[in-house]
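Fold and geometry: a report
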Amino acid sequence: MGCSFFKWFSVFILAINSAAFYGQEQNLLPVSVADLQSDFYPADSSASAAVLYSRCQHKIIYSKDIFKMRRESSYKFRIKIYTKEGLQYATRNIAYLIDRDATETVVIEKALTYNLVNDKVAASSLSTDGVFDEQVIKGIMNKRIVMPNAKEKCIVELYYTISSPLYFSIPEWDFQQEIPVKYSELVTIIPGLFTFITVPRGFFKIDQKKLTYEKNNISEEYSCYTAYGLPALKDVSLVNNVDNYTCSIAHELKRFSKMGKSINLSPYTWQSVARRIYKDEDFVGQLNKSGYFTEDIDRVIKGLTTPEEKMQAIFSFVQQHMTFNQRISVVCNQGVKAAYKEGTGNVAEINLMLTAMLRYAGIEAYPVLQCHRNSRIALSPAYDAFNYVTCVALINEKEVLLDASSKWSRPGVLPLRAVNWAGLMLKDEEIKDVNVIPEKPSLKNTVLAVTLNPDGGCSGKIRVIHNDYYGEIFREKYAENTDSDASAAALEKEYTGLQISNYRVSELKNNTKPVTEDMDFTNSNAAELLGNRIYVSPLILFSAMKNPFTEKERLYPVDFGFPGEKKYSVVVKIPEGFAIESIPESVSYKLPDDLMSFKFLAENKGDSVSLLVTVAYNKAVISAEHYAGLKDFYDKAIEKFKQKIVITKAK
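Quick caveat: nothing in here was measured; it's all calculated off a predicted structure.

Each helix and strand counted, the protein has eleven helices and 37 strands in total. Dimensions along the principal axes, computed over C-alpha positions, put the protein at roughly 100 × 75 × 45 Å. The buried share among the 651 residues of the protein stands at 51%. Residue pairs in contact within the protein that sit at least 24 positions apart in sequence constitute 73% of those at least 6 positions apart. Across the protein, the mean location of the 78 positive side-chain charges is 2 Å away from that of the 77 negative side-chain charges.

Here you go:
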């Protein structure tokens, strides 16, 4: 029983973090006329807003009665808004718990908007009309604060405190935001009875100061962490979730001393978090229900004998019967029975229902706790570290991952939103790591038969076969599109001069088979004519490809989502009266550890040129240390795609 991945991920983030310590604490000065007159952020003139000051203080309030101890988390934000787009930062969402075991309270202490009126600083106070309490999911509320009189060039200032009985859990603090941050500070005040370790994320320097002192015969440790001049956190291509690399600090409790005794394990381990979720009545209580579906499942599996047949039939039934309401959670909202009756539910309801049905059919199946791909991976154990549920079925001693919330996934191929590092399989009292990153490459085959014309134009046929994740991506994009030619239209828009006719697509809504596109095409700009020579790229439709990696350096790993292989089989027939003068040279190369490989095989057939090109990435995730090689790999491949066949008019 182990959760080795989650420990590994924490070590990984720690290893790539180059945090050093510098700087001094900064006092918050009153808002000035000059502050309000400023119309751009000096370090990033494109910023729509900037955090001028942010501060968080976590203080554990000691009590001899352990049940009266609590944590008070106080927050201060001052944000300058420069443009209309920046007005979104005049609204803040504050999540808090109303769980039966842990209820938190939120107190707004100061909420002001500053504007320049008649060359003077004017402040507008928050009223009750700007405060909204909304339920996110069961047990979690959101307090939405809409700052008053927010305008371009204003400054908003918000102070609030969250009082929580979860004194043994310190929330992660983000120094970095999606807008630039001038100054950010984290303070922790922790009684000496507790030993926390800090777990940093990101790539920017953080200054640290510590002081230990006595208070009421109890030692306390005061720690202050500060960061300056942080750039906006911007998304880049092919990263699972850039939030995973935000400059931040998390705390993990390692030791607690009481009455002279020391406990070395934190109250929260990955196992304890998983067990707590499992024992929730809205989880295991819903998993154990079956009466609402038995008649339907008896009919679905009637006549089927093998576990594979039953699994596929039940999986397809749930996909067809249920519609995902786009809500993610590890617990049920309305419950599986009501969700089944309505035909719609959240991800927990759909996949707990699926698990129960598989068990009813005699298939060993268990729920899997995961984190949505767009959510941040937690560095330390926490109840909210998980927000997604899938299912694993054991078929002939092989684990088959299932997620029936997607209409286009299939057994063994989760939707991409569920492909995020790892999961925990809940097998009664046993908690087991489950790898959810695909290892089998998905295939995409493109076949082109091209006839080149003497005037430089061309015509031909294209067939594209999308397997596994390529098929899922295609279906997600086009299966529900009422425009049957949407894919063809996208190709025509991407490639200048391309005209597509007789477009067909097969197996679009049959996720047990690959999606296949067939089409005829003409291209008026296929070749270049110079004198009695014609120059044409054999990969006519793909010679305009661009390298997705444009940055000189990269801090984040490259995440393709899944291993893949793209094959291009091309035959270019030359016009009568012409002869082949030269063709591109055949080459092959690969990255270290076989991370990626490229093969380009060209052959002169006399009246035609045949080409077979394979681009394969053999790992779903490639670390940033290989970025320079990866960028060069793509540059070489794209350059090869552009190389020309040269044909001349025969004498």
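This part takes up the state of the cysteines. Applying the stated criterion to the full structure yields zero disulfides. Of all cysteine sulfurs, the one in Cys224 lies closest to Cys56, which takes part in no disulfide; the gap is 11 Å. Unpaired in this structure, Cys332 has its nearest cysteine sulfur neighbour in Cys391, at a distance of 13 Å.

Below, the discussion takes up the pairing of strand β9 (residues 155–164). When you tally the buried positions in β9, you get nine out of ten residues, the bulk of the element. As judged from the nine bridges shared by strand β5 (residues 105–117) and β9, these two strands associate in the antiparallel manner. Directly across from Val106, in β9, lies its bridge partner Ile162.

Bringing the packing of aromatic side chains into the picture now. By the definition in use, this model includes 32 aromatic pairs. Here Tyr75 and Tyr160 contribute two aromatic rings whose centre-to-centre distance is 5.0 Å and whose plane-to-plane angle is 25 degrees, an arrangement assigned as stacked. With Tyr75 in strand β2 (residues 70–81) and Tyr160 in strand β9, the pair connects residues that are 85 residues apart, well separated along the chain. Measuring from ring centre to ring centre gives 5.8 Å for Trp270 and Phe386, while their planes differ by 75 degrees; the resulting arrangement is edge-to-face. You can see Trp270 sitting in helix α3 (residues 270–279) and its partner Phe386 sitting in the loop between β19 (365–370) and β20 (388–395), a full 116 residues away along the chain. The rings of Phe549, Tyr568, Tyr589, Phe598, Phe600, Tyr627, Phe633, Tyr634 and Phe641 are connected pair by pair, giving a single aromatic cluster.

In total, this model carries 24 salt bridges according to the counting rule given. Close ionic contact of Arg463 with Asp518 constitutes a salt bridge, the shortest N to O distance being 2.7 Å. Within this pair, whereas Arg463 is found in strand β25 (residues 458–466), its partner Asp518 is found in strand β27 (residues 515–523), the two being separated by 55 residues in sequence.

With that settled, consider the sheet that holds strand β29 (residues 533–536). Strand order in the open sheet formed by four strands is β28-β29-β37-β32, with antiparallel pairing between adjacent strands. A single partner strand is all that each edge strand has here, and the edge strands are β28 (527–530) and β32 (578–582). Adjacent strand axes in the sheet meet at a mean angle of 30 degrees, parallel and antiparallel pairs treated alike. Pairing of β28 with β29, which is carried by four bridges, proceeds in the antiparallel orientation. Bridge pairing in β29 places Glu528 opposite Tyr535.

The rules we used
- Residues numbered from 1 in each chain as written.
- Predicted model: local features only at pLDDT ≥ 70, side-chain atom pairs only at ≥ 80, totals over all residues.
- Heavy atoms only, no water.
- Helix = DSSP H or I, 4+ residues; strand = E, 2+ residues; numbered from the N terminus.
- Buried < 20%, exposed > 50% of the residue type's maximum accessible area, 1.4 Å probe, protein only.
- Contact = heavy atoms within 4.5 Å.
- Lys, Arg positive; Asp, Glu negative; His and termini not counted.
- Charge placed at Lys NZ, Arg CZ, Asp CG, Glu CD.
- Disulfide = S-S within 2.5 Å.
- Pairing = 2+ DSSP bridges.
- Phe/Tyr/Trp six-rings, centres within 6.5 Å; stacked < 30°, edge-to-face > 60°.
- Salt bridge = Lys/Arg side-chain N within 4 Å of Asp/Glu carboxyl O.
- Axes fitted to C-alpha atoms, helices over the stretch in contact; angles between N-to-C directions.

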